[in-house]
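Report on the structure
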Amino acid sequence: MSGPSPRHRSLTRMLVAFQIFLIVATLFAPLTALAADPSADPGATPATPADPTPTPTPTPDATPTPTPDATPTPTPDATPTPSPTPTPTPAPQAGYIVTFAAGTSSNNQSKSIQDSGAIDTDSIPVLRMHSVLADATALAAL
């Protein structure tokens, strides 16, 4: 046995060259997709053509303007009005993961989260884990 025949070697080289060509072609395939023109937005409303009728220009009015009244208006009372009380800005909330001890019922878990003032956004009941939004005071209560 002297090894693979020349025909087998040339076939193998041709298959290797074809695979290399396919790999290189897949690298350039996304470029053609990026270069395509985007289609029109189906939700966009078509532009309305401008109204060809001109708007009429207003004609000047010949009525005289009224003269100001010579009697002064009474001044309002000088009693101060109470200033509105500023509303307190809420503390910033952040997302936290809370894990409860084994044996804590789901009702007690929900009650603890609500009593602290946190907001339960998601949970994994099997692991007793809750994703909550809480500020610093709610986090301390948990």
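I will try to describe carefully the structure that is included in this document.

Reading the values: rules and limits
Residues numbered from 1 in each chain as written. Predicted model: local features only at pLDDT ≥ 70, side-chain atom pairs only at ≥ 80, totals over all residues. Heavy atoms only, no water. Salt bridge = Lys/Arg side-chain N within 4 Å of Asp/Glu carboxyl O. Helix = DSSP H or I, 4+ residues; strand = E, 2+ residues; numbered from the N terminus. Buried < 20%, exposed > 50% of the residue type's maximum accessible area, 1.4 Å probe, protein only. Pairing = 2+ DSSP bridges. Axes fitted to C-alpha atoms, helices over the stretch in contact; angles between N-to-C directions. Core = buried A, V, L, I, M, F, W, Y, C linked by side-chain atoms within 4.5 Å. Contact = heavy atoms within 4.5 Å. Arc of directions from axis to C-beta.

The next subject is the pattern of salt bridges. Applying the stated rule across the entire model yields 1 salt bridge. The salt bridge involving D115 is made with K111; its shortest N-O contact spans 2.8 Å. Here the residue D115 and the residue K111 both occupy positions in helix α2 (residues 106–116), the gap between them amounting to 4 residues, near one helical turn. Since its relative accessible area comes to 48%, K111 is described here as partly exposed.

Here we take up the sheet that holds strand β2 (residues 119–124). Reading across from one edge, β1-β3-β2 is the order of the 3 strands in this open sheet, with antiparallel pairing throughout. The outermost strands of the open sheet, each flanked by one partner alone, are β1 (94–99) and β2. On average, adjacent strands in this sheet sit at an angle of 25 degrees to one another, irrespective of strand direction. Looking at chain direction, β1 and strand β3 (residues 129–134) are connected through 6 bridges and run antiparallel. The residue bridging Y96 from the neighbouring strand is V132, located in β3.

With that settled, consider unusual backbone geometry. A positive phi angle, close to 60 degrees, is found at R128, a residue other than glycine. Within the fold, R128 resides in the loop between β2 and β3.

Here the focus is the nonpolar core. V98, F100, I113, A118, V132, A134 and A138 together form the largest nonpolar core, which totals 7 residues. Discounting chain neighbours no more than four positions away, the residues touching A118 are I113, V132, L133, A134, A138 and L142.

An α-helical turn contains 3.6 residues, so any two residues separated by three or four positions project in the same direction. Taken as a whole, α2 has its buried residues at Q109, I113 and S116. The arc that holds the buried residues of α2, viewed along the axis, is 70 degrees, so those residues lie on one side. In α2, the exposed positions that point more than 90 degrees away from the buried face belong to N107, Q114 and D115. Looking at the buried positions of α2, the neighbouring elements they touch are β2, β3 and α3 (136–141). Where α2 terminates, the next one or two residues include G117, which has phi positive at roughly 95 degrees.

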